[in-house]
Amino acid sequence: MDRIQSLQIYVLVVETGSFTKCAEQLNLHVSVVSKAIKYLEHQLGTRLLNRTTRKISLTAEGEAFYEKSQSLLAELADTFHDLSSASRQAEGKLRIELPSAIAPFVIAHLLQFYQKYPQIQLILSVSDHLSNLIDEGLDCSLRLGELSDSSYIARPLAPIAMTTCATSHYLQQNGLPTELDELQQHRAVHYFSGKQRKIMSWHFLQQGENIRLKLPNKTLVNDSNALLHCALAGLGIVQMPTLLVAPYLATGQLQTVLPHLAPPAKTAWIVYPQRKHLPKRLEHFIEWVWGYF
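Computed from a predicted model, the values in this text were never measured in an experiment.

**Q** Any chance you could break down the packing of aromatic side chains for me, citing the residues and the numbers?
**A** Throughout the structure, instances matching the rule amount to seven aromatic pairs. With centroids separated by 6.4 Å and ring planes inclined at 65°, the aromatic side chains of Trp202 and Phe204 adopt a geometry described as edge-to-face. What makes Trp202 buried here is its relative accessible area of 3%. Within the aromatic cluster, the residues linked to one another by ring pairs are Phe113, Tyr114, Tyr117, Phe285 and Trp288.

Right, here's the structure in full:
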C-alpha cells in the first residue's frame, strides 16, 4: 500500500466523513479505502477512527495524525509546484510574515505589486512573533533589528528610523526630559520579545556614541501596535519605529522626546530559508520589496 495515497485517502475520509464518499471522489472501491485506513492504523500501531454503521469519528491520535497529514500533503504539493515549470513563472502562492511595524508600509504598496505580478497570491501573517519559517510553511519573513537565527539567508533592506516620544498630556503632567539621566524619573512602556520576554533596551546617539538604557516601566508589550496605543493612552514614553508614530507626531498627539539624542536606526531584513532554487514568485517579491525600502 502506497503511503502517500493512504494519507490522501485518510484525509478525504475525515473531510467527507464517509468511506463511500471518499471512494466515489477518488474513483476507488470502498474496500481499497478501508484497506488504506487499516494499513495506516497497523503502521502506527493505534486506532485512528471510531467507525459505526452511521458515522465515523476521530480518536485523539486520529485528530493529531489528520493535522499532520494535511501539512505533509500540502508541503508535498508545494514541493512539486516549486520544481515544476509553473514555479519558474511569476505565479502561485507566497506565504509571508510581516512585523506589525512594517506591515502598513508594505501593504500600502501591494496594489503596485499585484499590477506587476497579477498571478501571484500573497498570504500575509502579521505578527511580531518570530516564526520558524520551515515549520510554519513560510516562504519569507520581514524582520526588524538584530537577527538571532543564522540558519536563514538574510538580505538587508533599509535602515528604519526610530523615535522616542510620548503624548503632550503625559509630558505636561510629568515634565519634558532634556537629558538622558532625567528619563529615570519617567515611566517607560517597553517592548519585549520571545518566550523569555526579553525586554528591548533603548538606544540613544550621544556625541557619536551609542548609549544603551533600561528604564523603569509599568507596562510591557510584545506587539508594535500595542506599543503605539500605550503611548497614545498616555501610559508613558515609548521608543519605536518612526513609520508608526509619524502621523501622530504630525497632528501633535505625540511629541518627540530628546530630539537631539535620536535613537540609531534599526535595519529591516528580508529572510528566507536556504534553498538551491528559489521559485520565481519569491525572487520577484524579494526584488520588489527591496526596491521599495
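Still more to cover.
**Q** Account for helix 10 (residues 280-292), naming residues and giving values.
**A** Note on helix geometry: an α-helix contains 3.6 residues per turn, so any two residues three or four positions apart are oriented the same way. Counted at 1.5 Å a residue, the expected span for helix 10 with its 13 residues is 18 Å, and the 19 Å between its end C-alpha atoms agrees. Taken as a whole, helix 10 has its buried residues at Arg281, Leu282, His284, Phe285, Ile286, Trp288 and Val289.

**Q** Which residues make up the nonpolar core, and what values do they have?
**A** Here is a general trend for soluble globular proteins: nonpolar side chains tend to be buried in one another's company. The biggest cluster of nonpolar side chains holds 23 residues, and the ones touching the most others in it are Ile96, Leu122, Leu142, Ile270 and Phe285. Elements with a contribution of two residues or more to this core: strand 3 (92-98), helix 5 (103-107), helix 6 (110-116), strand 4 (120-126), strand 5 (140-144), strand 6 (152-160), strand 15 (266-273) and helix 10. The contact partners of Ile270, leaving out residues within four places of it in the chain, are Cys140, Ser141, Leu142, Ile153, Ala154, Arg155, Leu157, Phe285, Ile286 and Val289. By size, the runner-up hydrophobic cluster in this structure holds 20 residues, among which are Leu12, Phe19, Leu48 and Leu73.

**Q** Tell me about the side chain of Thr163, and please be specific about residues and values.
**A** Within the secondary structure, Thr163 sits in strand 7 (residues 162-167). There is a polar contact of 2.6 Å between the side chain of Thr163 and the side chain of Thr242. Setting aside residues up to four positions removed in sequence, Thr163 forms contacts with Val238, Gln239, Met240, Thr242, Val245, Leu249, Thr256 and Pro263.

Procedures and definitions
- Residues numbered from 1 in each chain as written.
- Predicted model: local features only at pLDDT ≥ 70, side-chain atom pairs only at ≥ 80, totals over all residues.
- Heavy atoms only, no water.
- Phe/Tyr/Trp six-rings, centres within 6.5 Å; stacked < 30°, edge-to-face > 60°.
- Buried < 20%, exposed > 50% of the residue type's maximum accessible area, 1.4 Å probe, protein only.
- Helix = DSSP H or I, 4+ residues; strand = E, 2+ residues; numbered from the N terminus.
- Expected span 1.5 Å × (residues − 1).
- Core = buried A, V, L, I, M, F, W, Y, C linked by side-chain atoms within 4.5 Å.
- Contact = heavy atoms within 4.5 Å.
- Polar contact = N/O pair within 3.5 Å; in protein donor to acceptor, adjacent residues only side chain to side chain.

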